[in-house]
Amino acid sequence: MRTRTRRPARSLRRRGAIGGTVALAALLALAGCGSHGGTRADAKPTHGISDAQAAAVPDDQASPAPEGPSAGPKASDPPVKGPVLPDAKLTPATGSFTAKEKKYLHGRVPQNMDPAAVLQAGQEICQRLQRTAAHDKDAATGALITGEIPSADAAVTQLCPSLEPLLNAAAKGFADGTRKNPAPGTYRSLTSAGTCTWQAMGAGGKVLASGPGPGGAKRVTAKVPAGTRAFVSTGCYAWLPE
(Lines give C-alpha, C1' and ligand atoms only; values in the text may rest on other atoms or scores of the structure.)
Protein backbone atom coordinates (compact mmCIF):
# COMPACT_ATOMS: atom_id res chain seq x y z
CA MET A 1 0.00 0.00 0.00
CA ARG A 2 1.44 3.40 -1.08
CA THR A 3 1.70 6.01 1.58
CA ARG A 4 0.65 9.54 0.41
CA THR A 5 2.83 12.31 1.71
CA ARG A 6 0.75 15.21 2.98
CA ARG A 7 2.08 18.65 2.05
CA PRO A 8 2.20 20.89 5.12
CA ALA A 9 -0.51 23.53 5.23
CA ARG A 10 2.12 26.24 5.75
CA SER A 11 3.77 25.31 2.44
CA LEU A 12 0.42 25.53 0.63
CA ARG A 13 -0.31 28.90 2.16
CA ARG A 14 3.11 30.17 1.12
CA ARG A 15 2.57 28.95 -2.43
CA GLY A 16 -0.81 30.67 -2.53
CA ALA A 17 0.75 33.89 -1.27
CA ILE A 18 3.45 33.77 -3.95
CA GLY A 19 0.83 33.17 -6.63
CA GLY A 20 -1.20 36.12 -5.33
CA THR A 21 1.89 38.33 -5.38
CA VAL A 22 2.63 37.39 -9.00
CA ALA A 23 -0.98 38.10 -9.98
CA LEU A 24 -0.92 41.49 -8.22
CA ALA A 25 2.34 42.41 -9.94
CA ALA A 26 0.79 41.57 -13.30
CA LEU A 27 -2.24 43.73 -12.56
CA LEU A 28 -0.07 46.66 -11.55
CA ALA A 29 1.98 46.29 -14.73
CA LEU A 30 -1.20 46.36 -16.80
CA ALA A 31 -2.45 49.40 -14.88
CA GLY A 32 0.79 51.20 -15.69
CA CYS A 33 0.03 50.74 -19.38
CA GLY A 34 -3.66 51.45 -18.98
CA SER A 35 -5.85 54.38 -19.66
CA HIS A 36 -4.76 56.75 -16.92
CA GLY A 37 -1.09 56.36 -17.69
CA GLY A 38 0.16 57.35 -14.24
CA THR A 39 -0.48 57.57 -10.53
CA ARG A 40 -2.12 60.65 -9.18
CA ALA A 41 -0.34 62.57 -6.47
CA ASP A 42 -0.62 61.31 -2.90
CA ALA A 43 -2.07 63.70 -0.38
CA LYS A 44 0.21 65.67 1.92
CA PRO A 45 -0.70 68.01 4.77
CA THR A 46 -1.65 71.50 3.64
CA HIS A 47 0.12 74.40 5.34
CA GLY A 48 -0.18 78.14 4.94
CA ILE A 49 2.72 79.98 3.37
CA SER A 50 4.16 83.43 3.88
CA ASP A 51 4.68 86.14 1.27
CA ALA A 52 8.37 85.21 1.14
CA GLN A 53 7.53 81.57 0.47
CA ALA A 54 5.04 82.52 -2.21
CA ALA A 55 7.62 84.75 -3.84
CA ALA A 56 10.03 81.82 -3.97
CA VAL A 57 7.75 79.92 -6.36
CA PRO A 58 9.25 80.07 -9.89
CA ASP A 59 7.69 82.73 -12.10
CA ASP A 60 6.82 80.14 -14.73
CA GLN A 61 4.14 78.92 -12.32
CA ALA A 62 2.52 82.33 -12.16
CA SER A 63 -0.67 82.77 -14.14
CA PRO A 64 0.45 84.31 -17.43
CA ALA A 65 -1.58 86.70 -19.50
CA PRO A 66 -2.97 84.46 -22.08
CA GLU A 67 -5.46 82.41 -23.92
CA GLY A 68 -7.99 82.24 -21.13
CA PRO A 69 -8.67 83.62 -17.65
CA SER A 70 -6.42 81.04 -16.02
CA ALA A 71 -4.37 79.81 -18.93
CA GLY A 72 -0.98 78.26 -18.35
CA PRO A 73 1.80 77.64 -20.83
CA LYS A 74 1.69 74.51 -22.95
CA ALA A 75 4.38 71.96 -22.27
CA SER A 76 6.98 71.96 -25.03
CA ASP A 77 9.42 69.29 -26.12
CA PRO A 78 12.89 69.55 -24.61
CA PRO A 79 15.50 70.32 -27.29
CA VAL A 80 17.56 67.41 -28.55
CA LYS A 81 21.07 67.60 -27.14
CA GLY A 82 23.90 67.19 -29.59
CA PRO A 83 23.86 66.86 -33.38
CA VAL A 84 20.74 65.61 -35.11
CA LEU A 85 20.18 63.75 -38.36
CA PRO A 86 19.66 66.03 -41.36
CA ASP A 87 16.31 65.75 -43.09
CA ALA A 88 17.95 63.97 -46.06
CA LYS A 89 18.81 61.04 -43.81
CA LEU A 90 15.40 60.72 -42.18
CA THR A 91 14.56 57.47 -43.92
CA PRO A 92 13.31 54.18 -42.45
CA ALA A 93 15.00 50.84 -43.13
CA THR A 94 12.07 49.90 -45.34
CA GLY A 95 9.37 51.98 -46.98
CA SER A 96 9.19 55.74 -46.51
CA PHE A 97 7.89 58.39 -44.12
CA THR A 98 4.90 60.56 -44.95
CA ALA A 99 5.29 64.33 -45.18
CA LYS A 100 3.56 64.66 -41.80
CA GLU A 101 5.93 62.15 -40.20
CA LYS A 102 8.99 63.88 -41.66
CA LYS A 103 7.79 67.18 -40.24
CA TYR A 104 7.52 65.59 -36.81
CA LEU A 105 11.00 64.05 -37.07
CA HIS A 106 12.68 67.28 -38.23
CA GLY A 107 15.33 68.26 -35.67
CA ARG A 108 14.17 65.53 -33.31
CA VAL A 109 16.37 62.54 -34.21
CA PRO A 110 19.85 62.38 -32.66
CA GLN A 111 22.64 61.06 -34.81
CA ASN A 112 23.16 57.28 -34.65
CA MET A 113 19.49 56.77 -33.73
CA ASP A 114 16.87 55.07 -35.87
CA PRO A 115 14.31 57.73 -36.88
CA ALA A 116 11.64 55.05 -36.92
CA ALA A 117 12.14 54.60 -33.16
CA VAL A 118 11.62 58.33 -32.58
CA LEU A 119 8.48 58.26 -34.71
CA GLN A 120 7.18 55.24 -32.80
CA ALA A 121 7.63 57.09 -29.51
CA GLY A 122 5.50 59.95 -30.84
CA GLN A 123 2.83 57.56 -32.10
CA GLU A 124 2.71 55.86 -28.71
CA ILE A 125 2.06 59.25 -27.08
CA CYS A 126 -0.94 59.67 -29.37
CA GLN A 127 -2.19 56.16 -28.66
CA ARG A 128 -1.85 56.61 -24.91
CA LEU A 129 -3.77 59.89 -25.00
CA GLN A 130 -6.49 58.38 -27.19
CA ARG A 131 -6.95 55.40 -24.87
CA THR A 132 -7.03 57.56 -21.77
CA ALA A 133 -9.40 60.15 -23.27
CA ALA A 134 -11.79 57.41 -24.43
CA HIS A 135 -12.09 56.29 -20.83
CA ASP A 136 -11.80 59.64 -19.02
CA LYS A 137 -11.10 63.00 -20.71
CA ASP A 138 -10.26 64.63 -17.38
CA ALA A 139 -7.59 61.99 -16.76
CA ALA A 140 -6.06 62.64 -20.18
CA THR A 141 -6.10 66.40 -19.62
CA GLY A 142 -4.62 65.98 -16.15
CA ALA A 143 -1.83 63.79 -17.51
CA LEU A 144 -0.89 66.62 -19.89
CA ILE A 145 -1.07 69.28 -17.17
CA THR A 146 1.10 67.32 -14.75
CA GLY A 147 3.60 66.14 -17.35
CA GLU A 148 2.77 62.45 -16.92
CA ILE A 149 2.69 62.27 -20.71
CA PRO A 150 5.82 64.27 -21.61
CA SER A 151 6.70 65.71 -25.03
CA ALA A 152 3.06 65.52 -26.08
CA ASP A 153 2.81 68.95 -27.72
CA ALA A 154 4.58 68.16 -31.00
CA ALA A 155 3.24 64.62 -31.17
CA VAL A 156 -0.35 65.82 -30.91
CA THR A 157 -0.08 68.81 -33.23
CA GLN A 158 1.79 66.92 -35.94
CA LEU A 159 0.78 63.26 -35.60
CA CYS A 160 -2.72 63.27 -34.06
CA PRO A 161 -4.20 66.78 -34.41
CA SER A 162 -7.66 65.47 -33.55
CA LEU A 163 -6.47 65.47 -29.92
CA GLU A 164 -5.57 69.17 -29.91
CA PRO A 165 -8.66 70.04 -27.80
CA LEU A 166 -6.97 68.14 -24.95
CA LEU A 167 -3.86 70.31 -25.31
CA ASN A 168 -5.99 73.46 -25.36
CA ALA A 169 -7.81 72.40 -22.22
CA ALA A 170 -4.57 71.49 -20.44
CA ALA A 171 -3.13 74.92 -21.27
CA LYS A 172 -5.81 76.50 -19.08
CA GLY A 173 -5.09 74.34 -16.03
CA PHE A 174 -2.33 73.88 -13.49
CA ALA A 175 -0.97 71.04 -11.42
CA ASP A 176 -1.43 70.25 -7.75
CA GLY A 177 0.96 72.10 -5.45
CA THR A 178 1.54 75.86 -5.24
CA ARG A 179 0.26 78.19 -7.94
CA LYS A 180 1.52 81.77 -7.76
CA ASN A 181 -0.93 84.60 -8.51
CA PRO A 182 -3.78 82.49 -9.92
CA ALA A 183 -6.51 84.26 -11.86
CA PRO A 184 -9.64 84.75 -9.72
CA GLY A 185 -12.47 82.35 -10.48
CA THR A 186 -13.87 78.91 -9.80
CA TYR A 187 -11.75 75.84 -10.46
CA ARG A 188 -12.43 72.12 -10.23
CA SER A 189 -9.95 69.43 -9.30
CA LEU A 190 -9.40 66.52 -11.66
CA THR A 191 -9.64 63.84 -9.00
CA SER A 192 -12.40 62.17 -7.05
CA ALA A 193 -10.12 61.44 -4.08
CA GLY A 194 -11.52 62.59 -0.75
CA THR A 195 -8.09 63.76 0.38
CA CYS A 196 -7.98 66.88 -1.83
CA THR A 197 -7.55 70.09 0.19
CA TRP A 198 -6.74 73.66 -0.88
CA GLN A 199 -6.11 77.16 0.43
CA ALA A 200 -6.14 80.55 -1.26
CA MET A 201 -3.51 82.71 0.45
CA GLY A 202 -3.47 86.50 0.45
CA ALA A 203 -1.04 89.13 1.72
CA GLY A 204 0.80 88.15 4.90
CA GLY A 205 -0.18 84.50 4.47
CA LYS A 206 -3.81 85.26 5.30
CA VAL A 207 -6.18 82.45 4.33
CA LEU A 208 -8.80 84.00 2.05
CA ALA A 209 -10.61 80.73 1.29
CA SER A 210 -10.09 77.02 1.80
CA GLY A 211 -11.76 73.68 1.25
CA PRO A 212 -13.28 71.25 0.82
CA GLY A 213 -13.96 71.03 4.56
CA PRO A 214 -14.22 68.16 7.04
CA GLY A 215 -14.91 64.81 5.43
CA GLY A 216 -13.77 65.85 1.97
CA ALA A 217 -15.92 65.75 -1.15
CA LYS A 218 -16.20 63.59 -4.24
CA ARG A 219 -16.15 66.64 -6.51
CA VAL A 220 -13.93 69.44 -5.27
CA THR A 221 -14.30 73.00 -6.51
CA ALA A 222 -12.31 76.00 -5.34
CA LYS A 223 -13.43 79.61 -5.49
CA VAL A 224 -10.29 81.70 -5.75
CA PRO A 225 -10.98 85.30 -4.71
CA ALA A 226 -9.29 88.39 -6.11
CA GLY A 227 -6.10 89.26 -4.25
CA THR A 228 -4.94 85.63 -3.97
CA ARG A 229 -1.15 85.55 -4.04
CA ALA A 230 -0.75 81.78 -3.85
CA PHE A 231 -3.11 78.87 -4.30
CA VAL A 232 -1.88 75.82 -2.38
CA SER A 233 -3.40 72.37 -2.84
CA THR A 234 -2.52 68.79 -1.96
CA GLY A 235 -4.02 65.52 -3.16
CA CYS A 236 -5.95 67.31 -5.93
CA TYR A 237 -3.90 66.12 -8.96
CA ALA A 238 -4.67 69.07 -11.25
CA TRP A 239 -7.09 71.98 -11.67
CA LEU A 240 -9.16 73.37 -14.52
CA PRO A 241 -11.37 76.49 -14.59
CA GLU A 242 -15.10 75.85 -14.39
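Heads up: the structure comes first, above all this text.
Residues numbered from 1 in each chain as written. Predicted model: local features only at pLDDT ≥ 70, side-chain atom pairs only at ≥ 80, totals over all residues. Heavy atoms only, no water.

Visitor: What am I meant to see in the packing of helix H4 (residues 115–135) against helix H5 (residues 137–146) here?
Guide: When two helices pack together, their arrangement is given by the angle between the helix axes and the distance between those axes. Their axes nearest at 5 Å, the elements H4 and H5 cross at an angle of 140 degrees. Here H4 is positioned oblique relative to H5, judged by the angle of their axes. Contacts between H4 and H5 involve Leu129, Thr132, Ala133 and His135 from the first element and Lys137, Ala139, Ala140 and Leu144 from the second. Broken down by class, the residue content of the contact of H4 with H5 amounts to five nonpolar, two polar and one charged. (Axes fitted to C-alpha atoms, helices over the stretch in contact; angles between N-to-C directions. Helix = DSSP H or I, 4+ residues; strand = E, 2+ residues; numbered from the N terminus. Parallel < 35°, antiparallel > 145°, perpendicular 65-115°, else oblique. Contact = heavy atoms within 4.5 Å. Nonpolar A, V, L, I, M, F, W, Y, C, P; charged D, E, K, R; others polar.)

Visitor: Explain the state of the cysteines to me, please; I cannot follow it from the model alone.
Guide: The bond known as a disulfide is covalent and runs between the sulfur atoms of two cysteines. Throughout the structure, instances matching the rule amount to two disulfides. Each disulfide pairs two cysteine sulfurs, and for cysteine 126 the partner residue is cysteine 160, the sulfurs being separated by 2.1 Å. Across the disulfide from cysteine 126 to cysteine 160, rotation about the S-S bond amounts to roughly -80 degrees, and the bridge is consequently left-handed. Here the residue cysteine 126 occupies a position in helix H4, and cysteine 160 occupies one in the loop between helix H6 (152–159) and helix H7 (164–170), the gap between them amounting to 34 residues. Of the two residues examined, cysteine 126 and cysteine 160, each falls in the buried class. Shown here for the protein is a disulfide pattern of 1-2, 3-4, where each number marks a bonded cysteine counted in sequence order. (Disulfide = S-S within 2.5 Å. Buried < 20%, exposed > 50% of the residue type's maximum accessible area, 1.4 Å probe, protein only.)

Visitor: Sorry, what's going on with the packing of aromatic side chains here?
Guide: What describes a pair of aromatic rings is the distance from one ring centre to the other and the angle between the planes of the rings. This model, assessed by the stated rule, comprises four aromatic pairs. Ring centres of phenylalanine 174 and tyrosine 187 lie 5.4 Å apart, and the angle between their planes is 65 degrees; this geometry places the pair in the edge-to-face category. Pair noted here: phenylalanine 174 is in strand S1 (residues 174–180) and tyrosine 187 is in strand S2 (residues 185–189), with a separation of 13 residues, a long-range link. Taken individually, phenylalanine 174 and tyrosine 187 each receive the classification buried, so the pair is uniform in this respect. Measuring from centroid to centroid gives 5.8 Å for tryptophan 198 and phenylalanine 231, while their planes differ by 25 degrees, and the two rings are stacked. Within this pair, whereas tryptophan 198 is found in strand S3 (residues 197–201), its partner phenylalanine 231 is found in strand S6 (residues 230–241), the two being separated by 33 residues in sequence. Both residues of the pair, tryptophan 198 and phenylalanine 231, belong to the buried class. Directly above the ring of tyrosine 104 sits arginine 108, whose terminal nitrogen or CZ lies 4.6 Å from the centroid. (Phe/Tyr/Trp six-rings, centres within 6.5 Å; stacked < 30°, edge-to-face > 60°. Lys NZ or Arg CZ within 6 Å of the ring centre and 35° of its normal.)

Visitor: Explanation requested: the nonpolar core in the structure shown.
Guide: General note: in soluble globular proteins, nonpolar side chains tend to be found buried as a group. Ranked by internal contacts, the top residues of the largest apolar core, which has 31 residues, are Tyr104, Leu105, Leu129, Leu144 and Leu166. Elements that contribute at least two residues to this core include exactly helix H3 (99–105), H4, H5, H6, H7 and S6. Take this core: its biggest share by element is six residues, from H4. Discounting residues that sit within four places of it in the chain, leucine 166 has contacts with Leu129, Ala133, Lys137, Ala140, Thr141 and Leu144. If you look at the next biggest cluster of nonpolar residues, it comprises 13 residues, including Ala183, Trp198, Ala209 and Ala222. (Core = buried A, V, L, I, M, F, W, Y, C linked by side-chain atoms within 4.5 Å.)

Visitor: I keep staring at the pattern of salt bridges and nothing clicks. Help me out?
Guide: Opposite charge on two side chains makes pairing possible when the charged atoms of those side chains draw close. Per the stated rule, a full pass over the model turns up three salt bridges. A salt bridge links arginine 188 to glutamate 242; the nearest nitrogen and oxygen atoms lie 3.9 Å apart. One end of the pair, arginine 188, is in strand S2; the other, glutamate 242, is in the segment after S6, and 54 residues separate them in sequence. Across the pair arginine 219 and glutamate 242 runs a salt bridge, and its minimum N-O distance is 3.1 Å. Here arginine 219, found in the loop between strand S4 (207–211) and strand S5 (221–224), pairs with glutamate 242, found in the segment after S6; they are 23 residues apart in sequence, far enough to count as distant. One exposure class covers both arginine 219 and glutamate 242, and it is exposed. (Salt bridge = Lys/Arg side-chain N within 4 Å of Asp/Glu carboxyl O.)

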